[in-house]
Amino acid sequence: EIHEQPTAVKTTITPRINEGMPDFSECGLDDEKLASYNNIYIVACGTAMHAGMVGKYVIEKLARTRVTVDMASEFRYRDPIVGKGDLVILISQSGETADTREALLISRKKGADTLAFVNVKGSSIAREADMVMYTHAGPEISVASTKAFTVQISMMYMFAFKLAYAKKVITEEECREYVHKLTQIPQLIEKTLTHDDEAQYAASRIMNAESLLYIGRGLDYALSMEGSLKLKEISYIHSEAYAAGELKHGPIALISEQTPVIAIATQSNIIGKTLSNISEVKSRGAKVVLMCSEDTVIKENVADYIIRIPQCDELLMPILAAVPLQLIAYYTAILRLFNLDETIASGIFDGVTYPWEVLPKIKDYIIELGNTLPTEEYDHPSENIWIAKSASVAPTAYINGPCIIGRNAEVRHCAFIRGNAIVGEGAVVGNST
Ligand code: BG6
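Residues numbered from 1 in each chain as written. Predicted model: local features only at pLDDT ≥ 70, side-chain atom pairs only at ≥ 80, totals over all residues. Heavy atoms only, no water.

**Observations regarding the site of the ligand**
- In the vicinity of the ligand, the contacting residues are Cys45, Gly46, Thr47, Ala48, Ser92, Gln93, Ser94, Thr97, Val143, Ser145 and Glu233.
- Separating an oxygen atom of the ligand from a side-chain N or O atom of Glu233 is a distance of 2.4 Å.
- In isolation the ligand has 390 Å² of accessible area, and contact with the protein removes 77% of it.
- Judged by its atoms lying within 2 Å of the grid points, the ligand is housed in the second largest pocket.
- Looking at the shell around the ligand residue by residue, the class counts come to 3 nonpolar, 7 polar and 1 charged. (Near = heavy atom within 4 Å. Polar contact = N/O pair within 3.5 Å; in protein donor to acceptor, adjacent residues only side chain to side chain. Areas by Shrake-Rupley, 256 points an atom, 1.4 Å probe, with all protein chains shown as cover. 1 Å grid on protein atoms, 1.4 Å probe; cavity = no way out; pocket = protein on both sides within 12 Å on 5 of 7 lines; lining within 4 Å. Sits in = over half its atoms within 2 Å of the grid points. Nonpolar A, V, L, I, M, F, W, Y, C, P; charged D, E, K, R; others polar.)

Encoded structure:
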C-alpha cells in the first residue's frame, strides 16, 4: 500500500482538475458557496485527523481562512460551537468510524453544511454527509493507514487551492500553478520510494529504542504526529510527537542517548529554529535522524543521519515526507517483530522464511556475534549487536551497544550490556547483569 501511493494520488486528483483548475462540482460546491462559509472545521480520527492538520496549515496559509481541527472523539462530546453558515469537513478512509460519524450527525443537527472526504464508496459517512468527495486510494487493507493519508492530504490541497481562489486571495494563474505542482507529486513520490534503503538504515538505528521523539514545526509538526503514530501502531515502540519549539517546556528532560529523535525540517522559514532544537537534543546525547529536502544545506555533524526528500514546493512537502516516515515504521516493525534470530542463525538470508528481498540493506547494519562471543570488552555503541540463538555470553563480557539477544540465549550473571536490548523468547539474563 505504501508503494501504491503514486497511483492513488494521481487517481484522486486527476478527476478533480478541469482545465487546470480545481473542480468540486461533483459535490455541488461552487466558488460562491465555498467563499460564503463563516468557519471551517475539520473533524476526523487518527491518521485522517493528521491529514486535517496538514489541511489546516495549508488552508490558513493560502486562503487566509481560520480552520479548527478536532479529534472526532472530543468534538462529539463537547457541545461544539458550530451551526448555520459553517462548513464541517469529515475525513475518513473507511467512512464508518463511529466518532467521526457521530460528529457528522451532530454538525448536521446544528445546521452546519457537511462535506465528507471518504475512501469507501457507499459507507455510512459518505451517505449521510451533505456533500461527498471520494478519495480513490483503492481498498486499504492495512489498519495502519498509509495511502489513504496521502490521498486525504491531496484532497486538502485541492480544497485549499479552490477556497483561496474562491476568496480571491490567490489569482487564477497562481491557482493553476499550484494545481500543476500537485500533478507533479506522483512522480516525486515514486522518486522518494527509491530512497528505501535510507529508511531501512534509519530503522536499524531506532529498532532497539524504548522510546522515541518526533519533532518538527508547522507542517513538519503535523507530519511528526503521523510518523509517531505509524511507528507506535506497527512497531509497538513508544514515541511522541512534539512541536519542536515546545521541547524546552518539559519534554527535553526525557532526552538521553537512549532516546533517538526523528526531526523533520522541510520548511525554510523555520528550519533554523528546528536545527537549533536538534542541537539541544544532541547536546543531551540523542541520536538524530533528520529529514529535509534535497536542496537544503546542512552543516556536518548537525544530525547523525540525514534522509533527503525530493525538492518540491514547500507547501506540498508533507506528501513526500510521509513516505519515509511510513517506511521507517514498516522496517522497524519488521526488525523487531520478525523472528530475526531464527533466520539469521540458520544462515539462509535468502531463505523462504524471511523476506530478505525487501530488506537488502538491513543485513549490513547488524553485527552478528554468533558463537564468537565477547569474553572481554566489545565496544560498538552505534551498531546493533546480535547475540545468536542459544549462545552464551560470558560473565566477564562488557558489551557497549544496543543488542538483540537471541532466543534461548544466556547472558550470564555479571555480564555488562550498555544499551537497549531486545530480549528473545526464552533468553536468560543472569543476576547482576
Ligand atoms: C484507526 C486506524 O483505528 O482509525 C487509523 O488505526 C485510522 O489508521 C483511524 O486513521 C481513522 O479511520 P478512518 O477509517 O475514519 O480514516
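After that view of the structure, there is still more to cover.
**Details of empty space enclosed by the protein**
- Per the stated rule, a full pass over the model turns up 1 cavity of 30 Å³ or more.
- Along the walls of the largest cavity sit Thr192, His195, Ile307, Arg308, Pro324 and Leu327, which together make up its complete lining.
- For the lining of the largest cavity, the per-class residue count stands at 3 nonpolar, 2 polar and 1 charged. (Points joined across faces, edges and corners; volume = space filled by probe spheres on them.)

**Description of the pairing of strand S3 (residues 40-44)**
- With 5 of its 5 residues buried, S3 lies for the most part within the structure.
- In this sheet, strand S4 (residues 67-71) lies alongside S3 in parallel orientation, the contact comprising 5 bridges. For Ala44, the partnering residue across the bridge sits in S4 and is Met71.
- The parallel pair S3 and S4 is bridged by helix H3 (residues 46-63), and the resulting crossover is right-handed.
- Where S3 and strand S5 (residues 87-92) come together, 5 bridges link them in parallel fashion. If you follow Val43 over to S5, its bridge partner there is Leu90. (Buried < 20%, exposed > 50% of the residue type's maximum accessible area, 1.4 Å probe, protein only. Helix = DSSP H or I, 4+ residues; strand = E, 2+ residues; numbered from the N terminus. Pairing = 2+ DSSP bridges. Right-handed = clockwise from strand over helix to strand, strands pointing away.)

That is the geometry; function is a separate question.
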